[in-house]
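Listed below, chain by chain, are the residues.
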Amino acid sequence: MEKTKRFRMNREGIGFFKAILESYEDVGIFSVLDGGKGLVEVIYPSCFEKDILAIIDDMGRYALIFEEADGV
């Protein structure tokens, strides 16, 4: 089963987050929905939900702030 999460994040961190997520091969697919607003989407298999959330949580060490953007 596949899950999708959308977030608003600091725009300047989008490229860094994309590179980090891609380094974890096959964990999730990252898309920028609106770069100007920092709106991004991550699609991932439900079995990797803990991994995705841990990666996002760890991004706080690099001053990347994620706010879940449901219904966008």
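Scroll up to find the structure.
A few points on the structure. Here, residues in each chain are numbered from 1, in the same order as that chain's written sequence. It should be noted that, the model being predicted, local features are given only for residues of pLDDT at least 70 and side-chain atom pairs only at 80 or more, the latter also being counted only at that level, while totals for whole chains, interfaces and linings use all residues. Working from all heavy atoms in the structure, the side-chain values ignore hydrogens and water.

## Some remarks on the pattern of salt bridges
Piece 1. One side-chain nitrogen of Lys or Arg within 4 Å of one carboxyl oxygen of Asp or Glu is enough to make a salt bridge. In this structure the tally under the stated criterion is 6 salt bridges.
Piece 2. A salt bridge links glutamate 49 to lysine 3; its shortest N-O distance comes to 2.9 Å. Within this pair, whereas glutamate 49 is found in helix H2 (residues 49–58), its partner lysine 3 is found in strand E1 (residues 2–9), the two being separated by 46 residues in sequence.
Piece 3. For lysine 3, a relative accessible area of 30% gives the class partly exposed.
Piece 4. Of the charged contacts in the structure, one is a salt bridge between glutamate 41 and arginine 6, with a shortest N-O distance of 2.8 Å. You can see glutamate 41 sitting in strand E3 (residues 39–45) and its partner arginine 6 sitting in strand E1, a full 35 residues away along the chain. Strands are runs of DSSP state E lasting at least 2 residues, helices are runs of H or I lasting at least 4, and numbering of each runs from the N terminus. Each residue's exposure class comes from its accessible area (1.4 Å probe, protein chains only) as a fraction of the maximum for that residue type: buried when under 20%, exposed when over 50%, partly exposed otherwise.

## Concerning the packing of helix H1 (residues 14–23) against H2
Piece 1. Note on geometry: axes are lines fitted to C-alpha atoms, helical ones only across the stretch in contact, with angles between N-to-C directions running from 0 to 180 degrees. At a minimum axis distance of 11 Å, the contact between H1 and H2 shows a crossing angle of 145 degrees. Where H1 crosses over H2, the two elements pack in a sense that is right-handed. Contacts between H1 and H2 involve Phe17, Ile20 and Leu21 from the former and Ile52, Ile55 and Ile56 from the latter.
Piece 2. Gly falls in the polar group here, along with every residue not listed as nonpolar (Ala, Val, Leu, Ile, Met, Phe, Trp, Tyr, Cys, Pro) or charged (Asp, Glu, Lys, Arg). Among the residues making up the contact of H1 with H2, the classes are represented as 6 nonpolar, no polar and no charged. Here is the rule for handedness: rotate from the far helix to the near one, and if that takes an anticlockwise turn smaller than a right angle the crossing is left-handed, while a clockwise turn gives right-handed. A contact between two residues is defined here by any heavy atoms of the two lying within 4.5 Å.

## Quick notes on the pairing of strand E2 (residues 29–34)
Piece 1. Only strands joined by at least two bridges in the DSSP assignment are considered to pair. Where E2 lies against E3, 5 bridges are found, and the strand directions are antiparallel. Of the residues in E3, the one forming a bridge with phenylalanine 30 is valine 42.
Piece 2. The antiparallel hairpin formed by E2 and E3 contains 4 residues in its connecting segment, where glycine 38 sits at a positive phi of about 70 degrees.

## Things to note about the packing of aromatic side chains
Piece 1. Each pair of aromatic rings taken from Phe, Tyr and Trp, with Trp reduced to its six-membered ring, is defined by centres within 6.5 Å and is described as stacked if the planes are under 30 degrees apart, edge-to-face if over 60, and tilted in the remaining cases. Counting across every chain of the model gives 4 aromatic pairs.
Piece 2. Here phenylalanine 17 and phenylalanine 30 contribute two aromatic rings whose centre-to-centre distance is 5.4 Å and whose plane-to-plane angle is 75 degrees, an arrangement assigned as edge-to-face. Here phenylalanine 17, found in helix H1, pairs with phenylalanine 30, found in strand E2; they are 13 residues apart in sequence, far enough to count as distant.
Piece 3. Phenylalanine 17 sits in the buried class, given a relative accessible area of 1%.
Piece 4. In textbook terms, an aromatic cluster arises when at least three aromatic residues are bridged by ring pairs, as seen for Phe7, Phe17, Phe30 and Phe66.

## Description of the pairing of E1
On any regular strand, side chains alternate: one points to one face of the sheet, the next to the other face.
Piece 1. Where E1 and E3 come together, 7 bridges link them in antiparallel fashion. Along E3, the bridge assignment pairs arginine 8 with leucine 39.
Piece 2. Note: E1 against strand E4 (residues 66–68), 3 bridges, orientation antiparallel. What sits directly across from methionine 9, in E4, is phenylalanine 66.

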